Amino acid sequence: LVDIKEVSNLAHKCGALVVVDNVFATPILQKPLKFGADIVMYSATKHIDGQGRVLGGAILSSKNFCEKFIRPFIRNTGPSLSPFNAWILLKSLDTIELRVEKQCENTHKILDFLKSSKNIQKIYYPFDPNFKQYNLAKKQMIDGGTIISFELKNTKKDKKKLAFNFLNNLELIDISNNLGDTKSLITHPDTTTHHRLSEKEKISLRITKNLVRLSVGLEDVNDLIDDIKSSLIKTYK
Ligand SMILES: Cc1ncc(COP(=O)(O)O)c(C=O)c1O
């Protein structure tokens, strides 16, 4: 996590603007403009749509910045949404708060299960009291979000194979790089979202071969936990 207030103070001292990609935190759980950021960006394809239907994005800033920079850029380069897609995203905003709250509730229950499993060796979730930046998370977020990353316990097996087996043994949770959806989705960052990074960069971001990233949806949380549990049993048998 980045301390938005501290970074904004530092940046403003030397005349720089602060841009926050607030996709993981969602507009419900973290309000970067309140902490001094100048621009906030969203891939609306994630929690804002939340149902895998539309590609879109949103940029928030002061009226002055939007009129001076964003409006001419959009007018001259043409990345405009179709009216139908814009309508879908507007309708999605009606339910985003309810969805994110329930998805967070499910995520906390999955966190509790993962903490109790002997086959999980590391967990990354901002509202887990063991998370290194827990105090910062509490300071700037309302809840920990709908995404949880965890490392499968190392065995002598090939680490990537271990993660792939775990993903392939899931039956309810789908493998996909998308996130924020009402459908729970899981991915293997090392070979997908972060595959272009060097090994050194991956190490600095703690992207290991046995790390998986789960985006928790709106399914019955007991079904999700049963799916993870049975996949772990098959993977470690
Ligand atoms: C944190 C974050 N920001 C931005 C994006 C970019 O999204 P898009 O491809 O819709 O522009 C993604 C996509 O995965 C993301 O995970």
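Residues numbered from 1 in each chain as written. Predicted model: local features only at pLDDT ≥ 70, side-chain atom pairs only at ≥ 80, totals over all residues. Heavy atoms only, no water.

As for the overall build of the protein
Phase 1: On a plain count of helices and strands, the protein comes out with nine helices and eight strands.
Phase 2: Relative to a compact globule of 237 residues, whose C-alpha radius of gyration would be 18 Å, the protein shows 19 Å and is just as compact.
Phase 3: If you line up the protein on its principal axes, its C-alpha atoms span 60 × 40 × 30 Å.
Phase 4: In the protein, of all internal contacts separated by at least 6 residues, the share reaching a separation of at least 24 is 63%.
Phase 5: Total accessible area on the protein stands at roughly 13100 Å², and carbon and sulfur atoms take up 57% of it.
Phase 6: In the protein, 36 side chains carry a positive charge and 26 a negative one; their mean positions are 5 Å apart. (Helix = DSSP H or I, 4+ residues; strand = E, 2+ residues; numbered from the N terminus. Rg over C-alpha atoms; globule rule 2.2 N^0.38 Å. Contact = heavy atoms within 4.5 Å. Areas by Shrake-Rupley, 256 points an atom, 1.4 Å probe, with all protein chains shown as cover. Lys, Arg positive; Asp, Glu negative; His and termini not counted. Charge placed at Lys NZ, Arg CZ, Asp CG, Glu CD.)

Some points on the site of the ligand
Phase 1: Around the ligand, the structure places Asp21, Val23, Phe24, Ser43, Thr45, Lys46 and Leu179.
Phase 2: Here a nitrogen atom of the ligand and a side-chain polar atom of aspartate 21 are 2.5 Å apart.
Phase 3: When the ligand is considered free in solution it has 390 Å² of accessible area, and contact with the protein chains removes 51% of it.
Phase 4: Given that more than half its atoms are within 2 Å of the pocket grid, the ligand belongs to the largest pocket.
Phase 5: Its residues assigned to classes, the shell around the ligand comprises three nonpolar, two polar and two charged. (Near = heavy atom within 4 Å. Polar contact = N/O pair within 3.5 Å; in protein donor to acceptor, adjacent residues only side chain to side chain. 1 Å grid on protein atoms, 1.4 Å probe; cavity = no way out; pocket = protein on both sides within 12 Å on 5 of 7 lines; lining within 4 Å. Sits in = over half its atoms within 2 Å of the grid points. Nonpolar A, V, L, I, M, F, W, Y, C, P; charged D, E, K, R; others polar.)

With respect to a positive patch on the surface
Phase 1: A surface patch of positive charge is lined by Lys122, Lys132, Lys159 and Arg206.
Phase 2: Checked against the element boundaries, lysine 132 lands in the loop between β4 (120-124) and α6 (134-140). (Patch = residues over 30% accessible without salt bridge, like charges linked within 9 Å, V, L, I, M, F, W, Y side chains within 5 Å. Salt bridge = Lys/Arg side-chain N within 4 Å of Asp/Glu carboxyl O.)

By themselves these figures say nothing about function.
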